[in-house]
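If you want the building blocks of each chain, they are given just below.
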Amino acid sequence: MKKSIAIDMDQVLADFYSKLRVTYNENFGTNFTDEEFLMTTQRDLPREDAKKLFALLNEPDYFRDLKVLDGDAIEVIQELQEHYEIFIATAAMDVPGSFTAKYDWLMEHLPFIKTQNIVFCGNKAVIHTDYLIDDSPRQLAAFKGTGILYSMPYNRSEECFIRVQNWKEIKQYFIKQMEIV
């Protein structure tokens, strides 16, 4: 039986923050760079700005045109699928209007993933795979298997999880796991 890997969508597969930064700059008159914006969170925003931003994120197509975060991601996932059961686990409950756009994005970029292996959830404690690749320490802390932290500027201080910088490192990690078995 194959071991299983759950993969987060936003900021692991899809470049959510680049679009979010542009949206924020256009709607709130700011000039954040990508790096500066990656260091902020929606929790840091003034309450009225956060409410307006949440409404913008809930537009039906907002998540549809996100770019792939790392050019190696799709190829690595296809290779891993030969040895692991792959799931996509996205916290879509955080933005309920995103379901269709996220599904469409996944079908465009990862058409080889079985639709029954796409999980729209909130708290990823409900995910029961062997591994979870995520950029959120909060989600990894709730997860019961082996958490792998996809490195981002906002999670640099986190030291509790295996850290990967990109999809090439993810591939190397899982090749080593196959050699151990």
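Above this text is the structure in question.
1. Description of helix H1 (residues 16-28)
At step 1: The first and last C-alpha atoms of H1 sit 18 Å apart over 13 residues, in line with the 18 Å expected at 1.5 Å per residue.
At step 2: Listing the buried residues of H1 in full gives Phe16, Tyr17, Leu20, Arg21, Thr23, Tyr24, Asn25 and Phe28.
At step 3: Tucked into the core, H1 has its buried residues touching helix H2 (34-38) and helix H3 (47-57).
At step 4: Of the residues trailing H1, Gly29 is marked for its positive phi of about 65 degrees.

2. Some points on the nonpolar core
At step 1: With 44 residues, the main nonpolar core has Ile5, Ile7, Leu13, Ile133, Trp167 and Phe174 as its most contacted residues.
At step 2: If sequence neighbours within four positions are ignored, Ile133 has contacts with Ile5, Ala6, Ile7, Asp8, Val12, Ile148, Tyr150, Trp167, Ile170 and Phe174.

3. Quick notes on the packing of helix H4 (residues 73-80) against helix H7 (residues 167-180)
A pair of packed helices is captured by two measures, namely the crossing angle of their axes and the spacing between those axes.
At step 1: One way to put it is that H4 packs onto H7 with a least axis distance of 9 Å and a crossing angle of 15 degrees. In terms of orientation, H4 and H7 fall into the roughly parallel class. At the point where H4 passes H7, the crossing takes the left-handed sense. In contact with Ala73, Val76, Ile77, Glu79 and Leu80 of H4, H7 contributes Trp167, Ile170, Lys171 and Phe174.
At step 2: Of the residues that constitute the contact of H4 with H7, the class distribution is 7 nonpolar, no polar and 2 charged.

4. Describing the sheet that holds strand E5 (residues 146-150)
At step 1: Strand order in the open sheet formed by 6 strands is E3-E2-E1-E4-E5-E6, and the pairing between neighbours is parallel. Since the sheet does not close on itself, it has two edges, and those belong to strand E3 (118-120) and strand E6 (162-164), each with one partner. When strand polarity is set aside, the average angle formed by the axes of neighbouring strands in this sheet is 25 degrees.
At step 2: Pairing between strand E1 (residues 3-7) and strand E2 (residues 84-90): 5 bridges, direction parallel. What sits directly across from Ile7, in E2, is Ile88.
At step 3: Contacting E2 and E3, helix H5 (residues 99-109) runs over the sheet at an angle of about 160 degrees to E3.
At step 4: Sheet strands in contact with H7 are E1, E2, strand E4 (131-134), E5 and E6, and its direction is about 170 degrees off that of E4.

What counts as what
- Residues numbered from 1 in each chain as written.
- Predicted model: local features only at pLDDT ≥ 70, side-chain atom pairs only at ≥ 80, totals over all residues.
- Heavy atoms only, no water.
- Helix = DSSP H or I, 4+ residues; strand = E, 2+ residues; numbered from the N terminus.
- Expected span 1.5 Å × (residues − 1).
- Buried < 20%, exposed > 50% of the residue type's maximum accessible area, 1.4 Å probe, protein only.
- Contact = heavy atoms within 4.5 Å.
- Core = buried A, V, L, I, M, F, W, Y, C linked by side-chain atoms within 4.5 Å.
- Axes fitted to C-alpha atoms, helices over the stretch in contact; angles between N-to-C directions.
- Parallel < 35°, antiparallel > 145°, perpendicular 65-115°, else oblique.
- Left-handed = near helix turned anticlockwise from the far one by under 90°.
- Nonpolar A, V, L, I, M, F, W, Y, C, P; charged D, E, K, R; others polar.
- Pairing = 2+ DSSP bridges.

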